[in-house]
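One letter stands for each residue in the lines below.
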Amino acid sequence: MEWLYPITPTHYLVLSAVLFGIGTAGVISRKNLFVVLMSLELMLNAVNLSFVVFSRINGELTGQVFVLFVVAVAAAEACVGLAIVLALFRLKENVNLDLFRSLKG
Amino acid sequence: MVETVLFYILAAVLLGMSLVVVTRTNPIASALAMVGAFGALAALYTLLSAPLLAVLQVLVYAGGIMVLVIFVIMLLNLHADDLKPMRPRGLVVALALLGVLGVVLGPLFLTVLPQGQWTLASLPADFGGIFSVGGKLFADYLFPFEMLSLVLLTAIVGALVLTKRKL
């Protein structure tokens, strides 16, 4: 159990990977549009966490500046994504992704 | 020692809350758990000496984006029988894909990561504070920063075009 202590950047990177995995599982397995969008945000945050870890390892602020950019792009993505959810809801009165399959081959 | 205890508590809160986000049927429960997960993530940022990002995480994510999501969920006023629970088959597919990804990428990462001790860079006093991050942002990344304002403007116009019934 010696790997439990002390905390190294590897611990943070594993945490980030597990968080990304949970987000991916949400995006793939859920059919509710809102939950899919929120799982996407979880994936973005997992990537942000590893950006901050590498910024701490190298003592270099570029990683933190990148996180700022990712947060801003995530805000834009949430804004457009929720607008699309509203437009889709107007079409079918539902947010279940199984109903939107016109492009399925 | 304090850092270790804090790390494990925060990691447990973060992973538990994200599991709640992914598994709940009701999107409002997911959104509220998401706010908790972002709070834990902000605390992890302070452990990694990024206090400005921790504040921004709470302000922008927990305060801005999640309020927008909750607002839209309540605006749509979904019925309980419209909400579909998580399908176990989808979860199995997702876990299988992640397992394959881990088997393929895991050894690759293990060759990149240092085998023994990590050497952490020593940090200046103001590392991750508003002055140092802001200085970096406006000195080296001024053009991307200005482009970001264009991205946000496009997002606003796009959201308006998408949601307006008649232009």
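Bear in mind that the values here come from a model prediction, so they are computed numbers and not experimental data. Here, residues in each chain are numbered from 1, in the same order as that chain's written sequence. Throughout, the order in which chains and ligands are written sets their labels, letters from A for the former and numbers from 1 for the latter. With pLDDT at 70 or above as the cut-off, local features in this predicted model cover only qualifying residues; side-chain atom pairs require 80 or more to be listed or tallied, and sums for whole chains, interfaces and linings still use all residues.

Here the focus is the overall build of chain A. For chain A, the count of helices and strands is three helices and zero strands. Only DSSP runs of H or I with at least four residues qualify as helices, and only runs of E with at least two residues qualify as strands; both kinds are numbered from the N terminus onward. Secondary structure of chain A in N-to-C order comes out as α-α-α. Its C-alpha radius of gyration of 18 Å places chain A more than 25% over the 13 Å reference for a compact globule of 105 residues. Counting all 105 residues of chain A, 43% fall into the buried class. Once C-beta atoms have been placed from the backbone, residue pairs whose C-beta atoms lie within 7 Å are recorded as contacts. Look at the contacts in chain A between residues 6 or more apart in sequence, and 47% of them connect residues 24 or more apart. Restricting the calculation to C-alpha atoms gives the radius of gyration, and the globule rule supplies 2.2 Å times the number of residues raised to the power 0.38. Each residue is classed by its C-beta neighbour count within 10 Å, where at least 20 other C-beta atoms makes it buried, 12 or fewer makes it exposed, and intermediate counts make it partly exposed; the C-beta atoms are placed from backbone geometry.

Between two packed helices, both the angle of their axes relative to each other and the distance between the axes serve to describe the pair. All axes here are fitted lines through C-alpha atoms, helices being fitted over the stretch that makes contact, and every angle between N-to-C directions spans 0 to 180 degrees. Orientation of helix α1 (residues 9-29) of chain A relative to helix α4 (residues 88-112) of chain B, taken along the N-to-C sense of each, is 135°, at an axis distance of 8 Å. When the axis of α1(A) is compared with that of α4(B), the two are oblique. Between α1(A) and α4(B) lies a crossing whose hand is right-handed. Residues A:Gly21, A:Thr24, A:Ala25, A:Ile28 and A:Ser29 of α1(A) form the contact with α4(B), whose participating residues are B:Gly90, B:Leu91, B:Val93, B:Ala94, B:Leu95, B:Leu97 and B:Leu98. Here the nonpolar group is Ala, Val, Leu, Ile, Met, Phe, Trp, Tyr, Cys and Pro; Asp, Glu, Lys and Arg are the charged ones; every other residue, Gly included, is treated as polar. For the contact of α1(A) with α4(B), a count of residues per class yields eight nonpolar, four polar and no charged. An angle below 35 degrees is read as roughly parallel, one above 145 as roughly antiparallel, one from 65 to 115 as roughly perpendicular, and any other as oblique. For any pair of crossing helices, the crossing counts as left-handed if the nearer helix is rotated counterclockwise from the farther one by less than a right angle, and right-handed if it is rotated clockwise.

The next subject is the domain arrangement of chain B. The domain limits used here are those given by an automatic or database domain assignment. For chain B, the assigned domains read domain 1 (1-84) and domain 2 (129-167). Spacing between the C-alpha centres of domain 1 of chain B and domain 2 of chain B amounts to 23 Å.

In this model, A:Glu93 sits at a positive phi of 60°, which is unusual for a non-glycine residue. Structurally, the position occupied by A:Glu93 is in the segment after α3 (62-92). Here the phi dihedral of B:Asn77 falls at roughly 55°; this positive angle occurs in a residue that is not glycine. Inspection of the secondary structure assignment puts B:Asn77 in the loop between α3 (51-76) and α4. Of the residues examined, B:Asn77 has 8 C-beta atoms within 10 Å and is grouped as exposed.

Low pLDDT marks regions whose predicted coordinates should not be analysed in detail. Confidence of the predictor in every single residue is expressed as pLDDT, which spans 0 to 100. The share of residues in chain B with pLDDT of 70 or more is 97%, and the mean pLDDT across the chain is 88. Complex prediction metrics read pTM 0.90 and ipTM 0.92.

Now for α1(A). Along an α-helix, residues three or four positions apart point the same way, because every turn accommodates 3.6 residues. In this analysis, the expected span of each helix is defined as 1.5 Å times one less than the number of residues it contains. Across its 21 residues, α1(A) extends 30 Å between first and last C-alpha, which sits within 8% of the 30 Å expected from 1.5 Å per residue. All of the buried residues along α1(A) are A:Tyr12, A:Leu15, A:Ser16, A:Leu19, A:Phe20, A:Gly21, A:Ile22, A:Gly23, A:Thr24, A:Ala25, A:Gly26 and A:Ser29. In the core, the buried residues of α1(A) are packed alongside α2 (33-58) of chain A together with α1 (2-23) and α4 of chain B.

Below, the discussion takes up the interface of chain B and chain A. Contacts between the two partners involve 66 residues from chain B, matched on the other side by 59 residues from chain A. For the side of chain B that touches chain A, the elements supplying multiple residues, two or more each, are α1, α2 (27-47), α3, α4, α5 (130-140) and α6 (142-163) of chain B. Of the residues forming the side of chain B that touches chain A, the biggest block, eleven residues, is contributed by α3(B). Here the side of chain B that touches chain A is built from residues that sort into 50 nonpolar, eleven polar and five charged.

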